[in-house]
Amino acid sequence: MKAINSINNIPLHYARLVNHPYGTRGEQRQFSIDSNFLKVLESAFDEVFTNCPLGVPEVVTTAGIFVNKPGQHGHGTAFDLDAVFWKDHTLVSKNFIHQKELYLGIESFLRKHFGIVLNYYYRGHEDHWHVDTSVPVDYHEASKSETLYLQMVLKYIYGKPVIIDGLSGPQTRSYTHDVFHRLNISTPITTKDNYLKFLDITGKVAYKLSEEKTTPLQLLENLETVVNQLPSANKHVVIGALNTFMDNVDTAAWLNEMTHNHDLDAVIDAVLAS
Ligand SMILES: [Zn+2]
């Protein structure tokens, strides 16, 4: 075990306190960590931030590394990533809906290093990524957390209308096949080499998309995603209000003038050519 307060010179902060609540930069702390696990974390952070268009951040907040409880945290071999703070930008993991591209860019590179990554859609992990090395890096259809990630990038990065439920079936397999073909990656995804290539290219595509300007149409989509997560009693009222807004003649005319400026094919071609 080692005690650290930074990783690759990026200060590690704690922000789960009354005076330093979740979502703030918090305060720098010492964390106990297993030395071998630290090496993995260092190479993961290196790859995540070398590729990231925002560069190396000023602060990373963590909910903990060594925590006195059963499981990987009890050995100092797991890391909970809450948020990342650059000079003028912040990614708080709980804001996934509003920063899907940046979030999934980071996660794609994390997945190249950690066999276990639990994200926003994995129960209990709405407000942090949990990463550990208790299993090797690969893709198994039976893995709920891996399939959730796959479905999230199929939908939010590659625009495939897949259902995000963590269960792999004919729909997920068919969209995966289409995307692998578009990216010139051999199938199946369950071969480690193919999976690693997919993670790498997807990370780069997601990062490039994260640099594009957000359109009002995307904001409207985010709103729909949020509304769909509401308890059903409230949902119908909000959907009713939203539909009335969208069906209004003036609103419809305004929305019709807009187009998505995401040119996914151009972004994919640029990444494949680099
Ligand atoms: Zn954890």
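All values derive from a computational prediction rather than experimental measurement. (Residues numbered from 1 in each chain as written. Predicted model: local features only at pLDDT ≥ 70, side-chain atom pairs only at ≥ 80, totals over all residues. Heavy atoms only, no water.)

Undergrad: A description of the environment of Gly-203 should follow, citing residues and the corresponding values.
TA: The topology assignment puts Gly-203 in helix α5 (residues 192–210). Under the relative-accessibility criterion, Gly-203 is labelled buried at 0%. Along the primary structure Gly-203 and Val-59 are separated by 144 residues, whereas in three dimensions their C-alpha atoms are 21 Å apart. (Helix = DSSP H or I, 4+ residues; strand = E, 2+ residues; numbered from the N terminus. Buried < 20%, exposed > 50% of the residue type's maximum accessible area, 1.4 Å probe, protein only.)

Undergrad: How would you explain the domain arrangement of the protein chain if you had to name every residue and give the values?
TA: As assigned here, the protein chain comprises domain 1 (2–212 + 266–273) and domain 2 (216–258). Inter-centroid distance (C-alpha atoms) of domain 1 to domain 2 is 29 Å. Listed as interface residues are seven residues of domain 1 and, on the opposing side, five residues of domain 2. Contact between domain 1 and domain 2 buries roughly 410 Å² in total, counting both sides, with carbon and sulfur atoms accounting for 44%. When the buried area of domain 1 at its contact with domain 2 is split by residue, Ile-97, His-98 and Lys-100 rank highest and sum to 67% of it. (Domains from an automatic or database assignment. Contact = heavy atoms within 4.5 Å. Buried area = accessible area lost by both parts, 1.4 Å probe.)

Undergrad: Describe helix α1 (residues 35–51), listing the residues and the values that go with them.
TA: Residues spaced three or four apart along an α-helix point in a common direction, a consequence of the helix completing one turn every 3.6 residues. Spanning 17 residues, α1 covers 25 Å between terminal C-alpha atoms, matching the ideal 24 Å at 1.5 Å per step. Within the sequence span of α1, burial applies to Phe-37, Leu-38, Leu-41, Ala-44, Phe-45, Glu-47, Val-48 and Phe-49. In this structure Asp-34 caps α1, since a side-chain oxygen of it lies 3.1 Å from the backbone nitrogen of Asn-36. (Expected span 1.5 Å × (residues − 1). Polar contact = N/O pair within 3.5 Å; in protein donor to acceptor, adjacent residues only side chain to side chain.)

Undergrad: How would you sum up the coordination of the zinc ion? Please name residues and give values.
TA: Four donors placed tetrahedrally around a metal ideally meet at 109.5 degrees, and six donors placed octahedrally ideally meet at 90 or 180 degrees. Bound to the zinc ion on the protein side are His-73 (NE2), Asp-80 (OD), Asp-80 (OD) and His-130 (ND1), at distances that span 2.0 to 2.8 Å. Bound by four donor atoms, the zinc ion shows angles of 51 to 156 degrees at the metal and therefore irregular coordination geometry. Spacing between the donor residues of the zinc ion along the chain follows H-x6-D-x49-H. Of this pair, Asp-80 sits in strand β7 (residues 78–85) while His-130 sits in strand β10 (residues 129–132), and the two are 50 residues apart along the sequence. Residue Asp-80 is classed as buried on the basis of its relative accessible area of 8%. (Donors = N, O, S within 2.8 Å, 3.2 Å for Na, K, Ca; no water. Tetrahedral: all angles 85-135°; square planar, octahedral: opposite > 155°, others 65-115°.)

Undergrad: Hey, could you go over the nonpolar core for me, with residue numbers and the actual values?
TA: In terms of nonpolar packing, the biggest core is built from 63 residues, with Phe-79 and Phe-198 touching the most fellow members. Ranked by residues supplied to this core, first place goes to α5 with eight residues. Those residues in contact with Phe-198 that lie beyond four places of it in its chain are Tyr-149, Leu-150, Val-153, Tyr-158, Val-179, Phe-180, Leu-183 and Ile-185. (Core = buried A, V, L, I, M, F, W, Y, C linked by side-chain atoms within 4.5 Å.)

Undergrad: Pulling in residues and values, what's your account of the packing of helix α2 (residues 100–111) against α5?
TA: Running from N to C, α2 and α5 point in directions that differ by 155 degrees, and their axes come no closer than 8 Å. With respect to α5, the axis of α2 lies roughly antiparallel. Relative to α5, α2 is oriented so that their crossing is left-handed. In contact with Glu-101, Leu-102, Leu-104, Gly-105, Ile-106, Ser-108, Phe-109 and Arg-111 of α2, α5 contributes Tyr-195, Leu-199, Asp-200, Thr-202, Gly-203, Lys-204, Ala-206, Tyr-207, Leu-209 and Ser-210. Its residues assigned to classes, the contact of α2 with α5 shows nine nonpolar, five polar and four charged. (Axes fitted to C-alpha atoms, helices over the stretch in contact; angles between N-to-C directions. Parallel < 35°, antiparallel > 145°, perpendicular 65-115°, else oblique. Left-handed = near helix turned anticlockwise from the far one by under 90°. Nonpolar A, V, L, I, M, F, W, Y, C, P; charged D, E, K, R; others polar.)

Undergrad: Hey, could you go over the environment of Glu-27 for me, with residue numbers and the actual values?
TA: When you line up the elements, Glu-27 lands in strand β4 (residues 27–28). Accessibility expressed as a relative area gives 32% for Glu-27, which makes it partly exposed. It is 9.6 Å that separates the C-alpha atoms of Glu-27 and Val-59, two residues lying 32 residues apart in sequence. With residues near it in sequence (within four places) discarded, Glu-27 still touches Leu-12, His-13, Tyr-14, Leu-17 and His-20. Reaching out from Glu-27, the side chain makes a polar contact with the side chain of His-20 at a distance of 3.4 Å.

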